[in-house]
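# Commentary on secondary and tertiary structure
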Amino acid sequence: EAGVAQSPRYKIIEKRQSVAFWCNPISGHATLYWYQQILGQGPKLLIQFQNNGVVDDSQLPKDRFSAERLKGVDSTLKIQPAKLEDSAVYLCASSPHRIKQAGDQQYFGPGTRLTVT
Amino acid sequence: AQTVTQSQPEMSVQEAETVTLSCTYDTSESDYYLFWYKQPPSRQMILVIRQEAYKQQNATENRFSVNFQKAAKSFSLKISDSQLGDAAMYFCAYRRGNYGGSQGNLIFGKGTKLSVKP
């Protein structure tokens, strides 16, 4: 089975520019996550989707970050305008949705490394 | 709020030897899951092992095993017969138990960088 796909792998932009990341989860996975991983830290959740609805976006900086999941499949994460502190790896993950299966693992994509100069 | 702490920023082990990575967590919940993820330089997070809090038996996966001490809120990872391919960042992670049919997000520690010497 194909894994979680992300693009691009690398992106360098100047501050105040905009950028978008794309994620294609594993086929049939209802839940999709975007994590931000700053250098030297563990990943931190930005937003969680269940099908095409938002479950948790409490840690998403909504003044500059936005995300959508069209038709409950692919997702895009956008930053506009970017700041220096947004330099990080952006990881997408997906998991199947099964009641009472919270132990189901999340499958991660290879991530996008963003550098803001 | 739940927190996960990994107190060892870096660890080193000789090939074929055994190493233990430490993790502690803080939660007031009784139903939760704990995970160890491996992140090689390719950045892709790979699940190493998982533990359900209601199970007393420690999880094992081939050369990887955990020491789960629920009362102490400790969840260490033991790697036996270390191999060069084990070199990576290792993250301990926590997830709440099932709630409302929706799976929660993972809360990660800061990670431990493991080096394996030939």
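Presented here is an overview of the structure given in this document. Keep in mind it's a predicted model, so treat the numbers as computed, not measured.

All right, on to the nonpolar core then. Grouped together as the largest cluster of nonpolar side chains are 25 residues, with contacts concentrated most on Tyr25, Trp36, Phe75, Leu77 and Tyr90 of chain B. Of all the secondary structure elements, the ones that give two or more residues to this core are β3 (19–21), β5 (32–39), β6 (46–52), β8 (64–69), β9 (74–79), β10 (88–96) and β12 (112–117) of chain B. In terms of residues, this core owes the most to one element, β10 of chain B, which gives four residues. Among residues more than four places away in sequence, those in contact with leucine 77 of chain B are Val19, Thr20, Leu21, Trp36, Val48, Ile49, Phe64, Ser65, Val66 and Tyr90 of chain B. Formed by 21 residues, the second largest nonpolar core is a distinct cluster that contains Val4, Leu60, Ala88 and Leu114 of chain A.

Roughly 350 Å³ of volume is contained in the largest pocket. What lines the largest pocket is a set of 17 residues, among which Gln37, Leu39 and Arg113 of chain A together with Gln39 and Met89 of chain B lie closest to the centre. The greatest single-element share of the lining of the largest pocket, amounting to three residues, is contributed by β10 of chain B. Tallied by class, residues from the lining of the largest pocket come to ten nonpolar, four polar and three charged. Here the second largest pocket is characterised by a volume of approximately 230 Å³. Pro43, Lys44, Leu45 and Gln59 of chain A together with Ile107 of chain B are, among the 14 residues lining the second largest pocket, the residues nearest its centre. Contributions of two or more residues to the lining of the second largest pocket are made by β5 (44–50) of chain A together with β11 (107–108) of chain B.

Residues and elements named next belong to chain B. Among the eight residues of β5, eight are classified as buried, and the element is accordingly described as predominantly covered. Alternating positions in β5 separate into two faces, Tyr32, Leu34, Trp36 and Lys38 on one and Tyr33, Phe35, Tyr37 and Gln39 on the other, with burial throughout. For β5 and β6, the ladder comprises six bridges, and the chain directions are antiparallel. In the strand pairing of β6, tryptophan 36 is matched with isoleucine 49. Taking the residues that link successive antiparallel strands as the turn, the β5-β6 hairpin has six residues, and the phi of arginine 43 there is positive, at about 80°.

What follows is about the pattern of salt bridges. Taken as a whole and assessed by the stated rule, the structure comprises six salt bridges over all chains. Of the charged contacts, one joins lysine 55 of chain B and glutamate 52 of chain B as a salt bridge, the two residues approaching to 3.2 Å between their closest N and O atoms.

Residues and elements named next belong to chain A. Relative to the helices and strands, threonine 76 is located in strand β8 (residues 75–79). Judged by its relative accessible area of 22%, threonine 76 is partly exposed. Here the alpha-carbon distance between threonine 76 and aspartate 57, two residues 19 residues apart in the chain, equals 14 Å. Those residues in contact with threonine 76, other than ones at most four positions away along the chain, are Phe21, Trp22, Trp34, Ser66, Ala67 and Glu68.

This next bit is on unusual backbone geometry. Cis peptide bonds are those with omega within 30 degrees of zero, and the linkage from serine 7 of chain A to proline 8 of chain A qualifies with -10°. Here proline 8 of chain A is to be found in the loop between β1 (5–7) and β2 (10–13). A cis geometry characterises the amide bond from glutamine 80 of chain A onward to proline 81 of chain A, with omega recorded as -5°. Secondary-structure assignment places proline 81 of chain A in the loop between β8 and β9 (88–95). Despite not being glycine, asparagine 62 of chain B has its phi angle at roughly 55°, a positive value. When you line up the elements, asparagine 62 of chain B lands in the loop between β7 (60–61) and β8. Positive phi is not limited to glycine here, since lysine 73 of chain B has a value of about 55°. Within the element layout of this structure, lysine 73 of chain B appears in the loop between β8 and β9.

Analysis parameters
- Residues numbered from 1 in each chain as written.
- Chains lettered and ligands numbered in written order.
- Predicted model: local features only at pLDDT ≥ 70, side-chain atom pairs only at ≥ 80, totals over all residues.
- Heavy atoms only, no water.
- Core = buried A, V, L, I, M, F, W, Y, C linked by side-chain atoms within 4.5 Å.
- Buried < 20%, exposed > 50% of the residue type's maximum accessible area, 1.4 Å probe, protein only.
- Helix = DSSP H or I, 4+ residues; strand = E, 2+ residues; numbered from the N terminus.
- Contact = heavy atoms within 4.5 Å.
- 1 Å grid on protein atoms, 1.4 Å probe; cavity = no way out; pocket = protein on both sides within 12 Å on 5 of 7 lines; lining within 4 Å.
- Points joined across faces, edges and corners; volume = space filled by probe spheres on them.
- Nonpolar A, V, L, I, M, F, W, Y, C, P; charged D, E, K, R; others polar.
- Pairing = 2+ DSSP bridges.
- Salt bridge = Lys/Arg side-chain N within 4 Å of Asp/Glu carboxyl O.

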